[in-house]
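Coordinate analysis (summary)
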Amino acid sequence: MDETVAEFVKRTILKIPVAEMMTILQAWGFYLKINCRRTSTSGERKESLVHDLVLLCEEKRARVSDAALLDIIYTQFHRHQKVWDVFQMTKEPGGDIDLFDMKQFKSSFKKILQRALKMAQLYPAKEAPQSDSASSHMGNSARLWVILSRGPFACNMSRVINFLVSVTFRDAEENAVWIRIAWGTQYRKPNQYKPTYVVYYPQTPYAFISSSQLRSSIPLLGQALTIASKHHRIVKMDFRSRYLDSLKAIVFEQYNQTFETHNATTPLQERSLGLDINMDSRIIHENRIEKDRVQKITEEVFGDYPQPRLEFAQYKLETKFKSDLNRGILAERNEPLRCLVKFSSPNLLEALKSLAPAGIADAPLSPLLTCIPKKRMNYFKIKDK
Amino acid sequence: MDLANTSSQEGEPKGGVLAHLERLEARSRKKFEEPQGTPAAESALRSKILQLRRLRDQLRAAVERHGARVEASAEPDQALQDSEQALERKREDVKAILQAYRFTGLSGKLTSRGVCVCIQTAFQGNLLDSYFVDLVIQKPLRIHHHSVPVFIPLEEIAAKSLQTDLRHFLFSLCEHLNAYAGRKYQADRLQSDFAAFLAGPLQRNALCNLLSFTYKAEPGGQAFPFCARLLYKDLTVTLPTDVSVTYEGTDTPSPSWEEQRASHEHLLRTKPLHHVFAAFARGEERLELRLAY
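Residues numbered from 1 in each chain as written. Chains lettered and ligands numbered in written order. Predicted model: local features only at pLDDT ≥ 70, side-chain atom pairs only at ≥ 80, totals over all residues. Heavy atoms only, no water.

- Looking at an unreviewed UniProt entry, one finds chain B named Centromere protein O and attributed to Phyllostomus discolor.
- According to the UniProt record, the Sequence similarities (unreviewed entry) comment for chain B reads "Belongs to the CENP-O/MCM21 family." (UniProt positions renumbered as here; feature names shortened; annotations may be inferred.)

- Where an unreviewed UniProt entry is consulted, chain A appears under the name Centromere protein N, with the organism given as Phyllostomus discolor.
- In its Sequence similarities (unreviewed entry) section, UniProt records this for chain A: "Belongs to the CENP-N/CHL4 family."

**Re the domain arrangement of chain B**
All names here are of chain B.
- The domain boundaries assigned to chain B delineate domain 1 (3-76), domain 2 (101-178) and domain 3 (194-292).
- With eight residues of domain 2 at the interface, the matching set in domain 3 holds eight residues.
- Of the roughly 670 Å² buried where domain 2 meets domain 3, counting both sides, 71% is carbon and sulfur surface.
- Taken as a group, Phe-123, Gln-124 and Phe-151 account for 60% of the area that domain 2 buries against domain 3, more than any other trio of residues on that side.
- On inspection of domain 2 and its partner domain 3, the count reaches zero salt bridges.
- Where domain 2 packs against domain 3, one counts one residue pair in polar contact (both at pLDDT 80 or more).
- Top element by residues in the side of domain 2 that touches domain 3 is helix 6 (residues 166-193). It accounts for three residues.
- Residue composition of the side of domain 2 that touches domain 3, grouped by class: four nonpolar, three polar and one charged. (Domains from an automatic or database assignment. Contact = heavy atoms within 4.5 Å. Buried area = accessible area lost by both parts, 1.4 Å probe. Salt bridge = Lys/Arg side-chain N within 4 Å of Asp/Glu carboxyl O. Polar contact = N/O pair within 3.5 Å; in protein donor to acceptor, adjacent residues only side chain to side chain. Helix = DSSP H or I, 4+ residues; strand = E, 2+ residues; numbered from the N terminus. Nonpolar A, V, L, I, M, F, W, Y, C, P; charged D, E, K, R; others polar.)

**Quick notes on helix 5 (residues 154-161) of chain B**
Residues and elements named next belong to chain B.
- When we look at burial in helix 5, the residues that qualify are Leu-154, Ile-157, Ala-158 and Ser-161. Axial view of helix 5: buried residues confined to an arc of 100 degrees, hence all on one face. Seen from the buried face of helix 5, the exposed residues on the opposite side, beyond 90 degrees, are Glu-155, Glu-156, Ala-159 and Lys-160.
- The secondary structure elements touched by the buried residues of helix 5 are strand 4 (142-146) and helix 6. (Buried < 20%, exposed > 50% of the residue type's maximum accessible area, 1.4 Å probe, protein only. Arc of directions from axis to C-beta.)

Spelled out as structure tokens, the structure:
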């Protein structure tokens, strides 16, 4: 086993906390091969455990792809350690029904990505700088590969470009596929310690990509994903969070799953709302009517289900300061005021939901705050019309 | 609390909060050590207590008597009771009917803002999942929330007919969901009940509109393995639109294999997937099967 591979295997296993070691290793197919008689790790020091495991992996000649698979499994268990961006793909209207073939998609994606990277490195394209939410149409590099892949270049390329990028797939629940991409160049093997993850839900237009420092590689990744999944365009949504499951719940509109049916046993009026008025008869509530009104509005806007978990919302303001009071310095500017407002919370939507009932804000709340799940955005740019 | 003493608080608090607390403590100690009022006042209070207790007992007895009288007088109102019971039974019946409407496949319940539609899917008499669409009745009509899976083209169907023809929207959505549920049911049945016939894993996708598998018509026997690829290009059907059965391997196939292959292709195109394999299980892979249906 190559030294770099051994190091990669060791570092990947070291990342795993001892408490999760068994769960994660047992999900890893290679673990069965190394025939480890261990079934639990209680009472063991991590270093000795890792040492034994790495030796066994070396014995059985673990490859980079095996270690990459373990890395995917680790990331699936610790998905909140990455920040996820949401991308949406679109098709031309009137196209064929999507007959998604997973095998075809995987081989297609790998080929297209490898060729696009090769093209990008051989022919650095004069692409316009990509802004955060601009759509990335097929750039020069991708167009070039489409032309070249049809010609005699096609077969020669695959032999040369295998180590430009290493791609690993793992199927997940709900028909999703996790893709791990480690990026390299013509002169350097792929860097296994800074991979990009893609979580793609086939037959939906959505993919979730982990934020990475390598800005230049994301457009190519987007193009490869778009073409392999038979779409035409990919757009990065202004929606970002660590909580992948919340992003998915919001984008797939699965966060409100309470429906009224005739089978319901609890009549609606008697359901206790989140912030109960105390049942203690010694407490008299003076503004009961106002409290009820606020409660009703809050429930209409936020529903009575647990809110999906987001950690921030950011508003970039480019507006003129409007004030009815004595015109101060701010009101006399000709150019718009630029400022950034960021709301952070362990659970932003629950916090917003409790603002009005707690008396901190008026109900109804500003639509800029309440539109986050409906608009699938938490990055806003507000300009004067 | 003595109001007279606290009036001194209206000015500046003398010595602050601690001093005030000390004063309160001294006062309470004084009260504790003093006798609790004169003996005359005591006995007056005692007799008042006895009076009030007697009054309370009298009132309690009166309430009990009244209650017994009401019960006794209720006995003759049998007719009222019967009609109440009948009404209650009717109410339960209607509730049960409303709940049973679910089994028609398309039912709904009025909500404060519109209607919540329930689509109960079924395939060949088997009840499968149910899906909900909560509609807000406003101009324009809109969907508030729903439980339709994300890969069903709900937005497309809504764009086509939600505003213009609600019935068409609902029927179209029913079609899609029932077809999806039917395809999923067939694929699940194949995977669970006929796993012995499959030579490898069943390849499927979210919509269950592309199925690819390798199978033998006899489980683990001498039969030749075929590769089947079923495409459902129409999302509202439960039978494949395209079927291709091929054989792997480099040997030239004998005419009997070719015949088998053609008949399998035909079966897969015309019969539900799990029925085809049930027929294989019964040993009936030949063309005679066509006559039985």
